[in-house]
Structure formats: structure tokens, C-alpha cells
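# Chain and residue survey
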Amino acid sequence: DVYLKEFDVETWMTNHEQNCQYNLADTCVSDMSIHELESLIQKDLMGDLMHMRMDYGPITGSDSLKDAILSLYKTGTRDNVAVAHGAINANEHVMDTLLNKGDHIIALTPSYEQFYSYPASLGCDYDLIELDEDNNWEPVIEDFKKLIKPETKMFILNSPNNPTGTVIRQSLMEKLIELARSHSIYILVDEIYRGMNNTLCDSISDMYELGIATASLSKVYSFAGLRLGWIKGPKELIDEINFRRDYTIISTGPWNDYLATVVLENKDIILDRSRHIIVENKRILKEWLEKEDLVECVIPEDGTVCFLHYLFDMPSKEVCEKLQNDTGVFFVPGMAFNKEYHLRFGFTSDSKIIKEGLETFSSWIHSHIKEAD
């Protein structure tokens, strides 16, 4: 039967994120207020917002917003961009527009559940490629070749990946494109974590005529609350999505359109802030891992998250519930990504919280191990 499965990671976040002292799982770089953004870019934003008429705003997104989005890519025109309510809504619109009952998709695991559970709710079949931690969580082209069927319609990927942070490198992406092109398969890549290190791979939308990129202001840009995302892809797809949007979201509103444009027009200074936070927190994690012999991790080159592997015998849900109840330290359990003995960790919070939270986690681990012995 076709049904929409409960979204494990989002349910966990909703039920646990607001009641913690140390949030070590957040995927969005330390969020900013409008006042902080004004100070960072030296611009009076509130003055502009207070005089703005609260109508629907530009229905498909303003030209200035589309131009700001295009500045992130090497190719394309305004006709190649559709605006959405966050990347999750962008992904939804792509899937709703292109996928039909009986289609087959290929995705990865561990990865974001939307990429396979949502297509399943549309009546699609799917196969998952299990990423190998010993291979730094990176897939290989043979993984895809052996799963292709006559009805395969789309590869759905996340690069950098959530929860591992792994990037699909340029060399593999080129092989994927060659494979997909030979079977007329779309490649949808959620690139929401992209931006910290753009030298690793070009956007799929700049590489492949059936390549579709989605992203938003949530992760590396620190403005999840704007709920502003986008799709960049073939004009024919964008036209169909804009037609569909009339039934779903109509517009994103004038405030969001304006503020998103400002954020992207000032992306360099905002990304510099994000890099500083992530680099410092990666340093803290590396130093902690050198001392903590019951946890290991493949630290990624891009993105805002990684997947801690703990080396003691307790289901991840139990670890997270007991740890948070005892200490206030919050992680997302690996079970939310179909991978036990792992925890999603984010490089995004204030460094003091990261440092104290990891130290508290260590104390809890060794107290638990001692009790178990």
C-alpha cells in the first residue's frame, strides 16, 4: 500500500530539540537575528521592511532574488530558477512534478529520509545504496550501475550528505552523469549543505542537462526561519513547477523575498562567518576525538554535519534519550538514518556549547561503561 511514512529525523528533532542544554546536532550554522544581519552588512533592513506593503509579493520570485540565486552557479538564466518554501518544499515540488506511480528511484543510506520515503508515498519503488564508513561514506559508480532498471527515473542525492557530510566528488559525479544520460535519468541533488568548500564539485545543475539542484538559506546561511529555498534546473521543469506552485504555495511573500535577496547579495561575508564557526568546531571535535577512545568519526571536508560512531553496546535511541535526560546533551540517533551505533553531530553551535557538550558526553560515556562493568 502507498502511504506517507513518519519522518524519523524530523519527529526526533521536534520532540527533543527544544529541551536541551547542549545542542550538538543542529545542522544550521548559528542563526542570526535581523539586527545581527544589519550589523554584519551595515545596512538598515528594518527601515525597508517597515515600509513594505504586505501583499503577495512577486509570485514566482523577484528578478533580484533570482539573480542573487544565479550568482551561486556557473550557468543558467532566471528561467532556470523556481522559488520554494525551503529546500524540503523544493525537493517536494521536483518529486511531485517528475515522479509517477511505478517509477523507480535510487538514493543513498544513511541519508535524508525524504529522498526515498516521499517518492514511496507517490507510488514509486526505490533502492538504497548503503554507504560504507570504511570508504569515508563515499559511494562508487558500480553501486548505481547494478541497481538501474528500465523504470529508473531519478537518482536522488544529498551532497554534502546529511548525516555524514560526505561530498560526491567531481570525478564520481561525471561518471554518474554519463550513466544517467545513457538511460535518460534525472539527477536531483539537494545541495543545501553546499558552500563551505565549493572546490570539491560543481553543482549538478551546471553539469547535466537533466540535473536539478535544490538549496535554501537554512544551513550555511543561518536563516532557516525565512523558509526560503529554490530549485535550479531545466526550463521545462521550472515552468511545470511554477504551474504547480499556484496550487501549493503561490508566493513566498515580500519580506522573505527581500531578505533572501539581501542574504545572497552579501553571501561572502555571511559564509566567512559560517566558515569561522565550522572550522573552530571541527578543531574542537578533532581534539576531543584524540582523547575519547570510545568514539570515532570520518570528519568531512564540507557541510555542517558528521556522523559520530560510538564503540559501546547500546542502541542509539537509548543513548540519546538517556544522555539528554541525564545531562542535557542532544544528539540525533543513528536509528533515524537506518544506522545504529551512530549519532549526528553538527559543527554549528557556539564553540563553548560544543566544547562543554562533548566533555559532558565523555563523562557520561565513561560513567555508563563503569556502571555496566
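This write-up is about the structure you can find in this document. Source: prediction; values computed, not measured. What you see as residue numbers is a count from 1 along each chain, following the sequence as written. For this predicted model, a pLDDT threshold of at least 70 governs which residues receive local features, and a threshold of 80 or more governs which side-chain atom pairs are given and counted, while totals over whole chains, interfaces and linings are taken from all residues. Computation of side-chain values covers all heavy atoms of the structure but excludes hydrogens and water.

### Some words on the pairing of strand 7 (residues 211–216)
- Summarising burial for strand 7: six of the six residues are buried, a large majority.
- Burial along strand 7 is two-sided: the residues Gly211, Ala213 and Ala215 and Ile212, Thr214 and Ser216 are all buried.
- By the bridge criterion, four bridges tie strand 6 (residues 186–190) to strand 7 in an arrangement that is parallel. Across the sheet, Asp190 pairs through a bridge with Thr214, a residue of strand 7.
- Across four bridges, strand 7 lies against strand 8 (residues 229–232) in antiparallel orientation. Residue pairing for strand 8: Ser216 is matched across the bridge by Gly229. Partly exposed describes any residue whose relative accessible area lies between the buried limit of under 20% and the exposed limit of over 50%, with all areas from a 1.4 Å probe on protein chains only and scaled to the type maximum. Strands are runs of DSSP state E lasting at least 2 residues, helices are runs of H or I lasting at least 4, and numbering of each runs from the N terminus. Being paired, for any two strands, means DSSP has found at least two bridges between them.

### Concerning helix 1 (residues 8–16)
- Regarding helix 1, the residues found buried are Val9, Trp12, Met13 and His16. Around the axis of helix 1, the buried residues are gathered within 100° of arc, so they sit on the same side.
- Note on definitions: a residue-residue contact is assigned when non-hydrogen atoms from the two residues lie within 4.5 Å. The secondary structure elements touched by the buried residues of helix 1 are helix 12 (316–327), strand 11 (329–330), strand 12 (332–333) and strand 13 (342–346). Here the arc refers to the directions that run from the helix axis out to each C-beta atom.

### Points about the packing of aromatic side chains
- Here the aromatic set is Phe, Tyr and Trp, taking the six-membered ring for Trp, and pairing holds for ring centres within 6.5 Å; pairs whose planes are under 30 degrees apart are stacked, those over 60 apart are edge-to-face, and all others are tilted. Counted by the stated rule, this structure contains twelve aromatic pairs.
- Between Phe7 and Tyr112, the ring centres sit 4.9 Å apart and the planes meet at 55°, which makes this aromatic pair tilted. Taken as a pair, Phe7 in the segment before helix 1 and Tyr112 in the loop between strand 3 (104–109) and helix 6 (114–121) lie far apart in primary sequence, 105 residues in all. Considered together, Phe7 and Tyr112 belong to a single accessibility category, that of buried residues.
- Ring centres 5.4 Å apart and planes at 45° place the aromatic pair Tyr116 and Tyr126 in the tilted group. You can see Tyr116 sitting in helix 6 and its partner Tyr126 sitting in strand 4 (residues 125–130), a full ten residues away along the chain.

### As for the sheet that holds strand 10 (residues 305–310)
- If you trace the four strands from one edge of the open sheet to the other, you get 9-10-13-12, paired in antiparallel fashion. Because the sheet does not close on itself, it has two edges, and the strands there are strand 9 (295–296) and strand 12.
- Where strand 12 meets strand 13, two bridges bridge the pair, whose relative direction is antiparallel. Within the sheet, the bridge partner assigned to Pro333 lies in strand 13 and is Leu343.

### Regarding helix 12
- Each residue after the first adds 1.5 Å to the expected span of a helix. Taking 1.5 Å per residue as the helical rise, helix 12 with its twelve residues ought to reach 16 Å, and the 16 Å between its terminal C-alpha atoms agrees with that figure.
- Two residues or fewer after helix 12 comes Gly328, characterised by a positive phi angle close to 85°.

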